[in-house]
Amino acid sequence: MAPHEQAEEAIVASRSEVELESKDGGGERERRLDDPDEDHPFSFKSALWHGGSVWDAWFSCASNQVAQVLLTLPYSFAQLGLVSGVVLQIFYGFMGSWTAYLISVLYVEYRSRKEKENVSFKNHVIQWFEVLDGLLGPYWKAAGLAFNCTFLLFGSVIQLIACASNIYYINDHLDKRTWTYIFGACCATTVFIPSFHNYRIWSFLGLGMTTYTAWYLTIAALVHGQVAGATHSGPKQLVLYFTGATNILYTFGGHAVTVEIMHAMWKPQKFKHIYLMATLYVFTLTLPSASAMYWAYGDELLTHSNAFSLLPKSGFRDAAVILMLIHQFITFGFACTPLYFVWEKVIGMHDTRSICLRALARLPVVIPIWFLAIIFPFFGPINSAVGALLVSFTVYIIPALAHILTYRTAAARQKAAEKPPFFLRSWTGMFMVNIFVVVWVFVVGFGLGGWASVTNFVRQVDTFGLFAKCYQCPKLPSPPPFLTAPSPLSSKH
């Protein structure tokens, strides 16, 4: 690849940069440095590769929000019961949209303050821990970096586990651990995707894939009908109830990459309500599919965390499995790309223009993800553990507290780049909502959810062991005993 082509495709923040310049006594003028409609002629490559519009951000949020978790939500419904499952999906969906909104507000605040200081973000992608550092200081930076990176690390692990779990239902000649080796190598190719700009076509296709899978689950369950003797006894145990609840907390906590998606937009200020719109669409996928599967199979889902395992083999199911595999590759890239950025900054490669050099530098990030997916192949229970211990802080508690502390003074509120939304109209109202989020998620999500999910996770380790070769695979029937006639040499005469 020629050097100028490498430079063109490298991660260059200036191509998506929005400068806020003071004008006429403090007013702000917005200038788009990379509007393809103005600066570049239309090309097939830019249409597929160079995204940054509001629609690109919406597709990225909707596609990233629900991936393999779509297949574990029926399992959560069996743990929670139908009513709790529906209510908690709606509740956590709106709570997640609120904290994604807070993250977007804090990003705009940080960006506007830095640009007033004439700080340039050319060749630099802003990340969440940098926003916390700029607004609240180094201790918040450390907390944000630790929680965000650990969550994204395990989010990537979950995608690898899901790949192996899904492909097994098409080809069971190889065990799930072997499939994890194979898909780990496949997902490592995401090191060549420079930034969220370049997920335009992948986000669009990914959302189509999850839409097909969700409606396949719904229709297949309704056509199949209830299994004989189906029971719907959930919730049966507190451990199972809060494990299911934290899986739903995890489902709508996919906005750990919000800052990176915003930074890839031509006009980041327009992001504010995109995550909410994405969540409303996701409801049309998660609610019907989980409800239909729970109605059809009931408590049988408690021992089948992957919904594919209960549906009869067919061409439609195989198509859904293949589409989910492709989508999990995309989601792996979504989760890993911020980790790539952090690693690049640590080793001083973030400004490098060469795609090949960046890809080579990123490879060490994939190795621990690969290894952890082999150690903990517990598809389903690992979602809840990650939700309780990591998601609860990363995308719920920390953004809510950070918003309160950033605007705790009257001067900060007066100079705020973004004012309270129209449906609250006051800073007091915003702070009250934030306090509710912090208390609820800490007590119910981290406290009760952490206890339940860790307890369930330990049970999986005790039952299947670490490095399980084929987690929840059906046991093969034991061969009949081999009967032999007495040997003539051993018979008595």
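What counts and what doesn't
Residues numbered from 1 in each chain as written. Predicted model: local features only at pLDDT ≥ 70, side-chain atom pairs only at ≥ 80, totals over all residues. Heavy atoms only, no water. Helix = DSSP H or I, 4+ residues; strand = E, 2+ residues; numbered from the N terminus. Buried < 20%, exposed > 50% of the residue type's maximum accessible area, 1.4 Å probe, protein only. Contact = heavy atoms within 4.5 Å. Areas by Shrake-Rupley, 256 points an atom, 1.4 Å probe, with all protein chains shown as cover. Axes fitted to C-alpha atoms, helices over the stretch in contact; angles between N-to-C directions. Parallel < 35°, antiparallel > 145°, perpendicular 65-115°, else oblique. Left-handed = near helix turned anticlockwise from the far one by under 90°. Phe/Tyr/Trp six-rings, centres within 6.5 Å; stacked < 30°, edge-to-face > 60°. Salt bridge = Lys/Arg side-chain N within 4 Å of Asp/Glu carboxyl O. Core = buried A, V, L, I, M, F, W, Y, C linked by side-chain atoms within 4.5 Å. Expected span 1.5 Å × (residues − 1). Patch = residues over 30% accessible without salt bridge, like charges linked within 9 Å, V, L, I, M, F, W, Y side chains within 5 Å. pLDDT = per-residue confidence, 0-100. Disulfide = S-S within 2.5 Å. Polar contact = N/O pair within 3.5 Å; in protein donor to acceptor, adjacent residues only side chain to side chain.

### Here we look at the overall build of the protein
(1) Moving on: Each helix and strand in the protein was counted, giving 18 helices and two strands.
(2) Moving on: The proportion of buried residues among the 493 residues of the protein is 57%.
(3) Moving on: When contacts within the protein are restricted to residue pairs at least 6 apart in sequence, those whose partners lie at least 24 apart make up 84%.
(4) Moving on: A total accessible area of about 20700 Å² is found for the protein, and carbon and sulfur atoms account for 67% of it.

### Regarding the packing of helix 10 (residues 200–224) against helix 13 (residues 274–297)
(1) Moving on: The interhelical angle for the contact between helix 10 and helix 13, taken along N-to-C directions, is 25°, at an axis separation of 8 Å. Our classification of the angle between helix 10 and helix 13 gives roughly parallel. The crossing of helix 10 and helix 13 is left-handed. Each of L207, T210, T211, A214, W215, L217, T218, A221, L222 and H224 in helix 10 lies in contact with helix 13, whose residues at this interface are Y281, T284, L285, P288, S289, A292, M293, W295, A296 and Y297.

### Describing the packing of helix 6 (residues 82–116) against helix 11 (residues 238–251)
(1) Moving on: At a closest axis distance of 9 Å, the pairing of helix 6 and helix 11 adopts a crossing angle of 35°. The handedness of the crossing between helix 6 and helix 11 comes out as right-handed. Together, S84, G85, L88, Q89 and Y92 of helix 6 and Y241, A245, I248 and L249 of helix 11 make up the contact between the two elements.

### Examining the packing of aromatic side chains
Any pair of aromatic rings gets described here by the distance separating the centres and the angle formed by the planes.
(1) Moving on: This structure, assessed with the given rule, holds 27 aromatic pairs.
(2) Moving on: Ring-pair connections join several aromatic residues into one group, and the members of that group are W55, W58, F59, F204 and Y281.

### Comments concerning the pattern of salt bridges
Where charged atoms from two side chains of opposite charge approach closely, those side chains can pair.
(1) Moving on: Scanning the model with the defined rule gives nine salt bridges in all.
(2) Moving on: The residue D56 makes a salt bridge to R200 at a minimum N-O spacing of 2.7 Å. Linking D56 in helix 4 (residues 54–65) with R200 in helix 10, this pair joins segments that are 144 residues apart in sequence.
(3) Moving on: What emerges from the salt-bridge pattern is a single network uniting E344, R358 and R362.

### Some remarks on the nonpolar core
(1) Moving on: Core analysis: the largest hydrophobic core is formed by 141 residues, its most contacted members being V131, L217, F271, F308, I382, V386 and Y396.
(2) Moving on: Once you skip the residues sitting within four places of it in the chain, Y396 turns out to touch Y92, M95, G96, T99, L249, F252, G253, V391, V437 and V441.

### Thoughts on the environment of F204
(1) Moving on: Among the secondary structure elements, F204 is positioned in helix 10.
(2) Moving on: Placed 148 residues apart in sequence, F204 and D56 show a C-alpha to C-alpha distance of 8.0 Å.

### Things to note about unusual backbone geometry
(1) Moving on: Within the chain, R425 stands out as a residue other than glycine whose phi angle is a positive 70°.
(2) Moving on: Mapping R425 onto the fold places it in the loop between helix 17 (410–414) and helix 18 (427–464).
(3) Moving on: Look at R425 and you get exposed, because its relative accessible area is 69%.

### Quick notes on the side chain of T406
(1) Moving on: The topology assignment puts T406 in helix 16 (residues 381–406).
(2) Moving on: If sequence neighbours within four positions are ignored, T406 has contacts with L106, R113, L135, L136 and A412.

### Overview of helix 11
(1) Moving on: Compared with an ideal rise of 1.5 Å per residue, which puts 14 residues at 20 Å, helix 11 spans 20 Å between its outermost C-alpha atoms and is within 8% of the ideal.
(2) Moving on: Counted residue by residue, helix 11 has twelve buried out of 14 residues, so it is predominantly covered.
(3) Moving on: Every buried residue of helix 11 is listed here: V239, L240, F242, T243, G244, A245, T246, N247, I248, L249, Y250 and T251.

### Side note on a nonpolar patch on the surface
(1) Moving on: Together, M432, I435, V439, F442 and V443 give the surface a local cluster of nonpolar side chains, amounting to about 470 Å² of exposed area.
(2) Moving on: A residue is classified by how much of its surface remains accessible, and F442, at 42% relative accessible area, is partly exposed.

### Description of helix 6
(1) Moving on: In this model, helix 6 (35 residues) spans 51 Å end to end at C-alpha, consistent with the 51 Å of a helix rising 1.5 Å per residue.
(2) Moving on: With 25 of 35 residues buried, helix 6 lies mostly within the body of the structure.
(3) Moving on: Of the residues one or two after helix 6, N118 is the one with positive phi, at around 65°.

### Brief notes about the confidence of the model for the protein
(1) Moving on: Of the residues in the protein, 83% reach a pLDDT of 70 or more, and the chain-wide mean stands at 83.
(2) Moving on: In this model residues 1–40 is a low-confidence stretch, pLDDT under 50, and it forms 94 contacts with partners more than four residues away in sequence or in other chains.
(3) Moving on: Overall, residues 487–493 carries pLDDT values under 50, and its contacts beyond four positions in sequence, including any with other chains, amount to one contact.

### Observations regarding the state of the cysteines
(1) Moving on: A complete count under the given rule lists zero disulfides for this structure.
(2) Moving on: Free of any disulfide, C187 has its nearest cysteine sulfur in C163, 4.7 Å distant.
(3) Moving on: On the basis of relative accessible area, C187 is assigned to the buried category, the value being 2%.

### What about the side chain of Q65?
(1) Moving on: Summarising the element assignment, Q65 is placed in helix 4.
(2) Moving on: At 3.4 Å, the side chain of Q65 and the side chain of T279 are in polar contact.
(3) Moving on: Apart from the residues within four sequence positions on either side, Q65 is in contact with T251, F252, Y275, A278, T279 and V282.

### Structural notes on the environment of S165
(1) Moving on: Mapped onto the elements of the fold, S165 is located in helix 8 (residues 138–167).
(2) Moving on: Take S165: its relative accessible area is 3%, and that puts it in the buried class.
(3) Moving on: Here the alpha-carbon distance between S165 and W179, two residues 14 residues apart in the chain, equals 8.3 Å.

### A look at the environment of M277
(1) Moving on: Residue placement: M277 occurs in helix 13.
(2) Moving on: When the C-alpha atoms of M277 and W58 are compared, they prove to be 7.6 Å apart, with 219 residues separating the residues in sequence.

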